[in-house]
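Structural characterization, general
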Amino acid sequence: MPPFAITLQHLLPKRLLTRLMGAFAGWRGGPVTRAAIGRFVTRYRVDMSEAADPRVEAYPTFNEFFTRALRPGARPMADAPFICPVDGAISQFGPIEQGQIFQAKGHSYSAQALLAGDEALARRFDGGQFATLYLSPRDYHRIHMPCEGSLTRMIYVPGDLYSVNPLTARHVPGLFARNERVVCLFETAQGPMVLVLVGATIVGSMATVWHGVVNPPRTGHVRQWRYEPGSVVLRQGQEMGRFLLGSTVVILFPKDVASFHPDWAPARPVRLGEAMASSATPSPDLASRTDTD
């Protein structure tokens, strides 16, 4: 039998709660907003000394507090081919085996389902690597580039709005391919890379630096944007998006591209800018293989 917290999530009107929380988070509520921010800082032990502006009263809305910038130098960037794109914790990471991504003990989901059913796109990551990074309420909630990349596609995928905390990941099958999400495909010097921003209960919206807020509107159908090569190029460490109330990022690399840092382990805390992965040693047939997708 699932824990009560999971049963409750099945029953709650998650979309309504998310809409209401989104409205509150964007409201300029003066003393009410300041009180809510102050309580949040205390409850989740948010380290405001890392913020570009540590004053609670500097943020007229909860959204502006939640997506606060870091002070310069707060996150040094490692000299590595791939850096961690967020503050958070490692949910899972490892190989994409037979098109399947490991979620938690007894649960996996397909790369194709995660990528809005795009079989050709999913094939590009067969035998590759994935990392799922969970952002808790206390974390910095902007997402940055693991390496330099040129945006080619963005896909909004409607879905559920379950929590994405570790407890839910252990009990809701296919969670990250089931929840609302924004799929961003980049071409890099090392090959294709996907960053998936996964929504959750009370995540009011997700935004990217090139588009702005992607959701709402929540239209109930897949929406897709394509970009000319070179029209949106983001350097390593540059901000690419943000959560207006936190969630999870899933990263996909193709085969023989990335080898995760030996210190990485599930549940380990991570910080933006730390070394995430080195370049993988290519298999002997890599040079002779042709990408026909």
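Quick caveat: nothing in here was measured; it's all calculated off a predicted structure. (Residues numbered from 1 in each chain as written. Predicted model: local features only at pLDDT ≥ 70, side-chain atom pairs only at ≥ 80, totals over all residues. Heavy atoms only, no water.)

Thoughts on the overall build of the protein
What the protein contains, in helices and strands, is eight helices and 18 strands. When burial is assessed residue by residue, the protein has 52% of its 293 residues classed as buried. Restricting the contact set of the protein to residue pairs at least 6 apart, pairs at least 24 apart contribute 75%. (Helix = DSSP H or I, 4+ residues; strand = E, 2+ residues; numbered from the N terminus. Buried < 20%, exposed > 50% of the residue type's maximum accessible area, 1.4 Å probe, protein only. Contact = heavy atoms within 4.5 Å.)

Digging into a positive patch on the surface
Side chains of Arg39, Arg43, Arg45 and Arg138 sit close together on the surface and give a patch of like positive charge. Locating Arg43 in the fold gives a position in helix α3 (residues 31-44). According to the relative accessible area criterion, Arg43 is exposed, its value standing at 58%. (Patch = residues over 30% accessible without salt bridge, like charges linked within 9 Å, V, L, I, M, F, W, Y side chains within 5 Å. Areas by Shrake-Rupley, 256 points an atom, 1.4 Å probe, with all protein chains shown as cover. Salt bridge = Lys/Arg side-chain N within 4 Å of Asp/Glu carboxyl O. Lys, Arg positive; Asp, Glu negative; His and termini not counted. Charge placed at Lys NZ, Arg CZ, Asp CG, Glu CD.)

Notes on the nonpolar core
Judged by nonpolar contacts, the single largest core of 37 residues is most densely connected at Phe186, Trp210, Met240, Ile251, Phe253, Trp264 and Met276. If we ignore the near neighbours within four places in the chain, the residues touching Met276 are Phe82, Ile83, Cys84, Pro85, Pro146, Ile251, Phe253, Ser259, Phe260, His261 and Trp264. (Core = buried A, V, L, I, M, F, W, Y, C linked by side-chain atoms within 4.5 Å.)

Some remarks on the sheet that holds strand β11 (residues 212-215)
Sheet architecture is open: four strands sit in the order β6-β14-β10-β11, paired in antiparallel fashion. What marks the edges here is a single partner per strand, and that holds for β6 (142-144) and β11. Strand-to-strand, the axes of this sheet are offset by a mean angle of 25°, without reference to chain direction. Bridge analysis of strand β10 (residues 205-208) against β11 gives three bridges, and the strand direction is antiparallel. Across the sheet, Met206 pairs through a bridge with Asn215, a residue of β11. (Pairing = 2+ DSSP bridges. Axes fitted to C-alpha atoms, helices over the stretch in contact; angles between N-to-C directions.)

So, the sheet that holds strand β1 (residues 82-83)
Across the sheet, three strands lie side by side as β1-β18-β16; this open sheet has antiparallel pairing. Sheet topology places β1 and β16 (258-260) at the edges, where each strand pairs with a single neighbour. Relative to strand β18 (residues 275-279), β1 runs antiparallel, the two being bridged by two bridges. Opposite Ile83, over in β18, you have Ala275 as the bridge partner.

A look at the packing of aromatic side chains
Within this structure, the stated rule accounts for 13 aromatic pairs. On the numbers, 4.8 Å between centres and 55° between planes, the contact of Phe82 with Phe253 is tilted. Taken together, the positions of Phe82 in strand β1 and Phe253 in strand β15 (residues 248-253) put the pair 171 residues apart, joining distant regions of the chain. On the numbers, 5.4 Å between centres and 75° between planes, the contact of Phe93 with Phe260 is edge-to-face. (Phe/Tyr/Trp six-rings, centres within 6.5 Å; stacked < 30°, edge-to-face > 60°.)

Quick look at the side chain of Arg142
Relative to the helices and strands, Arg142 resides in strand β6. Engagement of the side chain of Arg142 in a polar contact is seen with the backbone oxygen of Thr67, the distance being 2.7 Å. A polar atom in the side chain of Arg142 sits 3.2 Å from the side chain of Glu239. Dropping the residues within four chain positions of it, Arg142 is found in contact with Thr67, Arg68, Ala69, Pro85, Val86, Glu239, Gly241 and Arg242. (Polar contact = N/O pair within 3.5 Å; in protein donor to acceptor, adjacent residues only side chain to side chain.)

With respect to the pattern of salt bridges
For side chains bearing opposite charge, pairing can occur when the charged atoms are close. Under the defined criterion, the tally for this structure stands at eleven salt bridges. A salt bridge links Arg242 to Glu239, with the nearest nitrogen and oxygen atoms 2.8 Å apart. One salt-bridge network, held together by shared partners, links Glu50, Arg75, Asp87 and Arg271.

Brief notes about the confidence of the model for the protein
Mean pLDDT for the protein: 87, with 85% of residues reaching 70 or above. Low pLDDT, under 50, characterises residues 285-293; the stretch is placed with seven contacts to residues that sit more than four places away or in other chains. (pLDDT = per-residue confidence, 0-100.)

Looking at the environment of Val172
Here Val172 lies in the loop between α7 (166-171) and α8 (175-178). Classification of Val172 by relative accessible area gives buried; the value is 0%. Residues Val172 and Ile6, spaced 166 residues apart in sequence, show a C-alpha to C-alpha distance of 7.9 Å.

Overview of the pairing of strand β5 (residues 129-134)
Along β5, five of the six residues are buried, which leaves the element largely enclosed by surrounding structure. Summarising the sheet, strand β2 (residues 88-95) and β5 pair through six bridges and their orientation is antiparallel. Among the inter-strand pairings, Ile90 is bridged to a residue of β5, identified as Leu133. Relative to β15, β5 runs antiparallel, the two sharing six bridges. Bridged to Tyr134 within β15 is Thr248.

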